[in-house]
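Observations on the three-dimensional arrangement
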Amino acid sequence: MRKTTVRLRLCGALATVLVAAGIATGPAAQAGEEPPTLAELAQRHGRYYGSATDNPELTDEPYKAILGSEFDMITPGNGMKWYATEPQQGVFDFSQGDEIVNLARTHHQRVRGHTLVWHSQLPGWLTDREWTASELRAVLKKHIQTEVRHYRGKVYAWDVVNEAFNEDGTYRETIFYKTLGPGYIADALRWAHQADPKAKLYLNDYNVEAIGPKSDAYYKLAKELKAQGVPLHGFGLQAHLALQYGYPATLEDNLRRFSRLGLDTALTEVDVRMLLPATEEKLAQQADWYRDMTEACLAVRRCVGITVWDYTDKYSWIPAFFPGEGAALPWDEELRPKPAYYAIREALM
C-alpha cells in the first residue's frame, strides 16, 4: 500500500484537528487535503524524522500503518543486536533485522543499524568465558564485518559503538575495553567501514545531550579519531530525557561543537518520560521539550535528523525499566497523537 493511501485512511480526522489548531493552513488545508507527515515536514529542512520499531509490534496493523506513513527512517530496536544476530558463535541469524529492513524498503524508508558493539544484550557464549585479546579481536571483527556486509547498501548508518563511557567520562569497563583496551573503538569503526564504505558510522550514547564530562569525553575521542583518519562520520545523542531531571539547556551548543569537528549529529533514541500519572501540565512540558529538541536540531546544519524510540506509549520500553514512569512518546497507547506530536509539527513547519 502506498504511503498516500495509508495517510488518507489514518489522517482524515487529524487534518481537521490540525487546521483547527492552525497547524495545517493555506490552500491545502482549505481544500481539505491531508496534512504533511512528520517526515515530509522534516524533509523540507533537509532532515529525516524516524522511529524505532521491534519485530513483535509488526503484527499490529494500525501501528504498522502509522509507522509506514509518518516516518522516513526506521531503527530496529533489538533485531540487529548481537544476541539476535549471532546467537551461537559463528552462526548468524539476520531474520529479525531483515524483516524490518524489508518493511522499510516497502515504504521507501531508510534504516539506521543499531548496534554493532555494546556491553549489553550479548549472547551467553560471548560473556560466559574469558578471552585472550587476539581471540576477542577476531570474534569482534568477524561479527562486525559479517553483519555490516549482510546489510551493505541497505543500512544508511550504523551505531557502531554504543555507550562506551561512564557518566564521569571514564571508559566503561566492558568486555571489549577490559580485553582490548580503548583501541577497540577505532578498530570497530575501521572494520565496519571496510565492510560497507558508504554507510555513515556513529558513536552513540545517552546523557550526552548537554555539555559535561560524558559528552566532553566523546568530543575528545572524536577529535582524536578524526585526527588519526579513523572513519567516524557522526555522533548520536540518544536523548532519553525525563521531566524530573531538567532539560539539557546546552543541547544546541553541544550539537554545534561536534559539527565543527566535521561530524554529522543525530538525536537517535528520543523519548521524554515522566512520573505517572500523566497530567495536562506534564504533557504540556513534554511537548515543549520535544519542540525545543526539534528546534535545536534544525538550528545546527549538520544535525541530520531525529528518531523517537518507537513512536507510541503502547510499545515504549520505559515502564519496564523505570517503574512508575512512562507516557514518554508523541502518541499515546491508543495510537492517538499527544500534545508532543503537535509541538514537533509546529517546530518543523
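Anything mentioned here points back to the structure above.
In what follows, the accompanying structure is described.

The rules behind the values
Residues numbered from 1 in each chain as written. Predicted model: local features only at pLDDT ≥ 70, side-chain atom pairs only at ≥ 80, totals over all residues. Heavy atoms only, no water. Salt bridge = Lys/Arg side-chain N within 4 Å of Asp/Glu carboxyl O. Helix = DSSP H or I, 4+ residues; strand = E, 2+ residues; numbered from the N terminus. Buried < 20%, exposed > 50% of the residue type's maximum accessible area, 1.4 Å probe, protein only. Core = buried A, V, L, I, M, F, W, Y, C linked by side-chain atoms within 4.5 Å. Contact = heavy atoms within 4.5 Å. 1 Å grid on protein atoms, 1.4 Å probe; cavity = no way out; pocket = protein on both sides within 12 Å on 5 of 7 lines; lining within 4 Å. Points joined across faces, edges and corners; volume = space filled by probe spheres on them. Nonpolar A, V, L, I, M, F, W, Y, C, P; charged D, E, K, R; others polar. Patch = residues over 30% accessible without salt bridge, like charges linked within 9 Å, V, L, I, M, F, W, Y side chains within 5 Å. Areas by Shrake-Rupley, 256 points an atom, 1.4 Å probe, with all protein chains shown as cover. Lys, Arg positive; Asp, Glu negative; His and termini not counted. Charge placed at Lys NZ, Arg CZ, Asp CG, Glu CD. Axes fitted to C-alpha atoms, helices over the stretch in contact; angles between N-to-C directions. Parallel < 35°, antiparallel > 145°, perpendicular 65-115°, else oblique. Left-handed = near helix turned anticlockwise from the far one by under 90°.

1. Quick word on the pattern of salt bridges
- Counted by the stated rule, this structure contains 17 salt bridges.
- Across the pair arginine 137 and aspartate 187 runs a salt bridge whose closest N-O atoms are separated by 2.4 Å. Here arginine 137 is found in helix H8 (residues 133-150), whereas its partner aspartate 187 is found in helix H10 (residues 184-195), with 50 residues between them in sequence.
- Residue classification places arginine 137 among the partly exposed positions, given a relative accessible area of 38%.
- A salt bridge links aspartate 264 to arginine 302; its shortest N-O distance comes to 3.0 Å. Residue aspartate 264 is located in strand S8 (residues 264-275), and its partner arginine 302 is located in the loop between helix H13 (280-299) and strand S9 (303-308); the two are separated by 38 residues in the primary sequence.
- We classify aspartate 264 as buried; its relative accessible area is 9%.
- Connected through salt bridges with shared partners, the residues Arg137, Asp187 and Arg190 form a single ionic network.

2. Quick look at unusual backbone geometry
- For the bond running from histidine 114 to threonine 115, omega is 0 degrees, close enough to zero to count as cis.
- Note on placement: threonine 115 falls in strand S3 (residues 110-117).
- Of note, the amide linkage connecting leucine 276 to proline 277 takes the cis form, showing an omega dihedral of 5 degrees.
- For proline 277, the location among the structural elements is in the loop between S8 and H13.
- For glutamate 163, which is not glycine, the phi torsion reads 60 degrees and is therefore positive.
- Structurally, glutamate 163 can be placed in the loop between strand S4 (157-162) and helix H9 (175-180).
- Exposure remark for glutamate 163: the relative accessible area of 9% places this residue in the buried category.
- Even without a glycine there, the phi angle at alanine 239 is positive, about 60 degrees.
- Its place among the elements puts alanine 239 in the loop between strand S6 (234-237) and strand S7 (240-242).

3. Quick look at the nonpolar core
- Membership of the largest hydrophobic core comes to 93 residues, with the highest contact counts inside it found for Tyr49, Leu126, Trp158, Phe176, Leu203 and Tyr290.
- Top contributing element to this core by residue count: H10, with 8 residues.
- Excluding anything up to four places from it in sequence, leucine 126 contacts Trp82, Trp131, Leu136, Val139, Ile175 and Phe176.
- Within the second largest apolar cluster, 7 residues are counted, among which are Tyr48, Met73, Tyr156 and Val304.

4. As for the layout of surface pockets
- Space inside the largest pocket adds up to approximately 830 Å³.
- Mapped by element, the contributors of at least two residues to the lining of the largest pocket are strand S1 (48-53), S7, S8 and helix H14 (318-321).
- The element best represented in the lining of the largest pocket is S7, accounting for 3 residues.
- A per-class count over the lining of the largest pocket returns 17 nonpolar, 13 polar and 9 charged.

5. Structural notes on a positive patch on the surface
- A contiguous patch of positive charge, built from Lys141, Arg149, Arg152 and Lys198, is present on the exposed surface.
- You can see lysine 198 is positioned in the loop between H10 and strand S5 (200-205).

6. Focus on the packing of H13 against helix H15 (residues 339-348)
- One can describe the packing of H13 onto H15 by two numbers: an axis separation of 8 Å at closest approach and a directional angle of 25 degrees. The pairing of H13 with H15 is recorded here as roughly parallel in orientation. Crossing hand, H13 versus H15: right-handed. Along its contact with H13, which presents Leu283, Gln286, Ala287, Tyr290, Arg291, Thr294, Glu295 and Leu298, the element H15 presents Pro339, Ala340, Ala343, Ile344, Glu346, Ala347 and Leu348.

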